[in-house]
There are 2 protein chains.
Amino acid sequence: VTARLEIVAVPGVPEVAKGSSPGALIAAAAGRAGLAIADADVVVVSQKIVSKAEGRVRDLGDVEPGPNALAIAARLDKDPRLVELILAESRRVVRAERGVLIVETRGGWICANAGIDASNVPGDETVALLPENADASARQLRSDLEAATGSRPAMIIADSFGRPWRLGQTDVAIGCAGIGPIDDWRGRTDREGRPLAATSVAVADELAGAADLARDKGSGAPAVLIRGAERWTSAGDGPGAGALRRSEGEDLFR
Amino acid sequence: VTARLEIVAVPGVPEVAKGSSPGALIAAAAGRAGLAIADADVVVVSQKIVSKAEGRVRDLGDVEPGPNALAIAARLDKDPRLVELILAESRRVVRAERGVLIVETRGGWICANAGIDASNVPGDETVALLPENADASARQLRSDLEAATGSRPAMIIADSFGRPWRLGQTDVAIGCAGIGPIDDWRGRTDREGRPLAATSVAVADELAGAADLARDKGSGAPAVLIRGAERWTSAGDGPGAGALRRSEGEDLFR
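Owing to the predicted nature of the structure, the values given are computational and were not obtained by experimental measurement.

Asks: Explanation requested: the overall build of chain A in the structure shown.
Replies: Helix and strand counts for chain A stand at 6 helices and 12 strands. Over its C-alpha trace chain A gives a radius of gyration of 19 Å, about what one expects of a compact globule, namely 18 Å for 254 residues. For chain A, the spread of C-alpha atoms along the three principal axes comes to 55 × 50 × 30 Å. Going through the 254 residues of chain A one by one, you find that 57% of them count as buried. Taking all contacts inside chain A whose residues are at least 6 apart in sequence as the whole, residues at least 24 apart take part in 60%.

Right under this line is the structure:
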């Protein structure tokens, strides 16, 4: 089986305010652009639009850094108010060296700055936090989009994460609904009939990264439609992106 | 700027023998399938086909494990002959715990088993090593494909790597030619005119992962055509995937 995939940004999604429904806004923008969204499609939505709709934005002017944040900020040459927010969103600090603060978020992701940043957030000192539960957000988005269009595509919420040994960031899935995030080939065989060893593909992450290629970081285009990935989609919401988290017991680098 | 990408596997690429030209074989298969390859396209080729063509395969029956390999193999419950090959391809062991052997390869990649595996390699005890210099391989592929078709698409050689904190593997670029592997947005601004902090996108890795979505691990389809990514391509071969390697001095996890 080979596939042909098509990846297209949904143009014209407006700025999202707290309390608005990204699912409805994306459905309306797709409609205006003549982009039909089908059950078999995957819609990849940037974390930022979800965080804004959920009110997960903070003004640094409202943040009072504590002693721990002040100490780390001084050492890393970071804004202590930002460090305070990062620590408040984290379970533990994984690395704090050379200007880099890598944490395990309360949601279980290991990433720089707890995923908090200021790009594409209106306001001079406003930053966006990750959604509290991006899998729940993805399920809600899916259901809102279904209410608006009658279609029930798979939904992925994506954010840009760095990698320890490779430069640059790639978009990965922090939430999903209606798609199996991992395609496990273990136990299946290659064309020689030999077992495929340790082949378990993080398709939700590959889809998130693929969607990023159709977006322009500067324009903030927050939704991308992927066609041709239906073999990984499901009517049920499935396990969510939580299934991509490596447990502490299996982790050699925490 | 938004883009529409199309990703399609090249069907019918035959098994590759040592000394054959993957570039010519891919060109012929694309021709038979009626797939025109243009300068603006990106062709993503799996590491396995390149390794086979370059004779980078080994029979485990020919390998005599040394004492270090025997000790590590016993501890990790791995085949000592495979461990011997892994160590011979490595500069250093990064982790050897819980059945997992993560190394820095002589080519500078940090990955499990030095990228050595047996899937889709004919022969009961035959394994494929990574190409010695996959950037050079990508340049050669590009030039062979140009000789066969008259077109000079960008070329990426992809392999499946695991990630420390996320389950599943994603395909990443281990070699490339004619494409800037990193799209650096630092210094540019978002739509609010604010600087985009630390946004540097590993496009070659996102393209490699996107191509993987159009392949079937079991069929071994070794070449995938991506249309719509021309903004990252160049007539010159560029810096190669080596530009994706984080240096030891910047690495917090080696």
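Asks: Which parts of the structure should I look at to understand the sheet that holds strand S5 (residues 100-105) of chain A?
Replies: Residues and elements named next belong to chain A. If you walk across this open sheet you meet the 3 strands as S4-S5-S6, and the pairing is antiparallel. The sheet is open, and its two borders are formed by strand S4 (90-97) and strand S6 (110-112), each paired with just one other strand. Mean inter-strand twist for the sheet, computed between neighbouring axes without regard to direction, equals 25 degrees. Sheet analysis places S5 next to S6, joined by 3 bridges and oriented antiparallel. Across the sheet, residue Glu104 finds its bridge partner in S6, namely Ile110.

Asks: Would you explain the interface of chain A and chain B in this entry?
Replies: How big an interface is tends to be reported as the loss of accessible area on association of its parts. Across the boundary between the two partners, chain A contributes 84 residues, which contact 84 residues of chain B. A buried area of about 7,300 Å², summed over both sides, lies between chain A and chain B, and 51% of it is on carbon and sulfur atoms. Where chain A packs against chain B, one counts 6 salt bridges. For the salt bridge of A:Glu6 with B:Arg4, the shortest nitrogen-to-oxygen distance reads 2.4 Å. On the surface where chain A and chain B come into contact, there are 36 residue pairs in polar contact (both at pLDDT 80 or more). When contributions to the side of chain A that touches chain B are tallied by element, the ones reaching two or more residues are strand S1 (4-9), S4, S5, strand S9 (169-177), strand S11 (200-201) and helix H6 (203-212) of chain A.

Asks: Quick question: what am I supposed to make of the packing of helix H1 (residues 22-32) of chain B against helix H5 (residues 134-149) of chain B here?
Replies: Two measures define how a pair of helices packs: the angle their axes make with one another and the distance between the axes. Residues and elements named next belong to chain B. Running from N to C, H1 and H5 cross one another at 45 degrees; their axes reach a closest spacing of 7 Å. Our classification of the angle between H1 and H5 gives oblique. Classified by chirality, the crossing of H5 by H1 is right-handed. Residue-level inspection shows Pro22, Gly23, Ala24, Ile26 and Ala27 of H1 in contact with H5, the latter providing Leu141, Asp144, Leu145, Ala148 and Thr149. Partitioning the contact of H1 with H5 into residue classes produces 7 nonpolar, 2 polar and 1 charged.

Asks: Can you walk me through the environment of B:Ile37 in this structure?
Replies: All names here are of chain B. Looking at where Ile37 falls in the secondary structure, it is placed in the loop between H1 and strand S2 (42-46). When the C-alpha atoms of Ile37 and Glu146 are compared, they prove to be 9.7 Å apart, with 109 residues separating the residues in sequence. With near-sequence residues (within four places) excluded, Ile37 lies in contact with Ala30, Val43, Leu145, Ser151, Pro153 and Leu225.

Asks: Is there a simple way to think about the pairing of strand S2 (residues 42-46) of chain A in this case?
Replies: Consecutive side chains of a regular strand alternate in pointing toward one face of the sheet and then the other. All names here are of chain A. The buried fraction of S2 is high, at 5 of 5 residues. Where burial is concerned, the two faces of S2 agree: the one with Val42, Val44 and Ser46 and the one with Val43 and Val45 are both buried. Relative to strand S8 (residues 154-162), S2 runs parallel, the two sharing 5 bridges. Along S8, the bridge assignment pairs Val45 with Ile157. Pairing between S2 and strand S12 (residues 223-227): 4 bridges, direction antiparallel. Paired with Val45 across the two strands is Ala223, which belongs to S12.

Asks: What's the story with the pattern of salt bridges in this structure? I'm lost.
Replies: Pairing between side chains becomes possible if they bear opposite charge and their charged atoms approach one another. All names here are of chain A. Across all of its chains, the model carries 42 salt bridges over all chains by this definition. Notably, a salt bridge pairs Glu104 with Arg92, separated by 2.9 Å at the nearest N-O pair. Linking Glu104 in strand S5 with Arg92 in strand S4, this pair joins segments that are 12 residues apart in sequence. For Glu104, a relative accessible area of 3% gives the class buried. On the basis of relative accessibility, which here comes to 29%, the residue Arg92 falls in the partly exposed class. With its nearest N and O atoms 2.7 Å apart, the salt bridge here joins Arg254 to Asp251. A relative accessible area of 5% places Asp251 in the buried class.

Asks: So what exactly am I meant to see when it comes to the side chain of A:Arg95 here?
Replies: Note that A:Arg95 resides in strand S4. Taking the relative accessible area as the measure of exposure, A:Arg95 reaches 19% and is therefore buried. A distance of 2.9 Å separates a polar side-chain atom of A:Arg95 from the backbone oxygen of B:Leu252.

Asks: What exactly am I supposed to notice about the packing of helix H3 (residues 67-76) of chain A against helix H4 (residues 80-88) of chain A here?
Replies: All names here are of chain A. Here H3 crosses H4 at 120 degrees, and the two axes come no closer than 8 Å. The orientation of H3 with respect to H4, classified from their angle, is oblique. Regarding H3 and H4, the two cross each other, and that crossing is right-handed. Residues Asn68, Ala69, Leu70, Ile72 and Ala73 of H3 form the contact with H4, whose participating residues are Pro80, Val83, Glu84 and Leu87. The residue makeup of the contact of H3 with H4, split by class, is 7 nonpolar, 1 polar and 1 charged.

Asks: Quick question: what am I supposed to make of the relation of the copies chain A and chain B here?
Replies: What relates the pair of chain copies is a rotation about an axis plus a shift along that axis. Between chain A and chain B, the superposition needs a rotation of 180 degrees and an axial shift of 0.0 Å, giving an RMSD of 0.0 Å. Here the two chains are linked by the operation of a two-fold rotation axis. Comparing interface residues between copies, 100% of those in chain A also sit at the interface in chain B, which points to an isologous, same-surface contact.

Asks: Honestly, the packing of aromatic side chains in this entry has me stumped. Any pointers?
Replies: All names here are of chain A. The full count for this structure, using the stated rule, is 2 aromatic pairs over all chains. On the basis of an interplanar angle of 80 degrees and a centroid distance of 5.0 Å, the ring pair of Trp165 and Phe253 is categorised as edge-to-face. Of this pair, Trp165 sits in the loop between S8 and S9 while Phe253 is found in the segment after S12, placing the two residues 88 residues apart along the sequence. Taken as a pair, Trp165 and Phe253 share a single burial class, namely buried. Geometry around Trp109 places Arg245 over its ring, the cationic atom sitting 4.8 Å from the centre.

Asks: Would you mind showing me how to read the nonpolar core here?
Replies: Looking at soluble globular proteins, one finds that nonpolar side chains tend to be buried together. Counting 118 residues, the largest nonpolar core has A:Leu5, A:Ile156, A:Ile226, B:Leu5, B:Ile156 and B:Ile226 as its most contacted members. If sequence neighbours within four positions are ignored, B:Ile156 has contacts with B:Val42, B:Val43, B:Val44, B:Val45, B:Ala173, B:Gly175, B:Cys176, B:Ile179, B:Ala204, B:Leu207 and B:Ala208.

Cut-off values and rules
- Residues numbered from 1 in each chain as written.
- Chains lettered and ligands numbered in written order.
- Predicted model: local features only at pLDDT ≥ 70, side-chain atom pairs only at ≥ 80, totals over all residues.
- Heavy atoms only, no water.
- Helix = DSSP H or I, 4+ residues; strand = E, 2+ residues; numbered from the N terminus.
- Rg over C-alpha atoms; globule rule 2.2 N^0.38 Å.
- Buried < 20%, exposed > 50% of the residue type's maximum accessible area, 1.4 Å probe, protein only.
- Contact = heavy atoms within 4.5 Å.
- Pairing = 2+ DSSP bridges.
- Axes fitted to C-alpha atoms, helices over the stretch in contact; angles between N-to-C directions.
- Buried area = accessible area lost by both parts, 1.4 Å probe.
- Salt bridge = Lys/Arg side-chain N within 4 Å of Asp/Glu carboxyl O.
- Polar contact = N/O pair within 3.5 Å; in protein donor to acceptor, adjacent residues only side chain to side chain.
- Parallel < 35°, antiparallel > 145°, perpendicular 65-115°, else oblique.
- Left-handed = near helix turned anticlockwise from the far one by under 90°.
- Nonpolar A, V, L, I, M, F, W, Y, C, P; charged D, E, K, R; others polar.
- Least-squares fit on C-alpha atoms with pLDDT ≥ 70 in both.
- Phe/Tyr/Trp six-rings, centres within 6.5 Å; stacked < 30°, edge-to-face > 60°.
- Lys NZ or Arg CZ within 6 Å of the ring centre and 35° of its normal.
- Core = buried A, V, L, I, M, F, W, Y, C linked by side-chain atoms within 4.5 Å.

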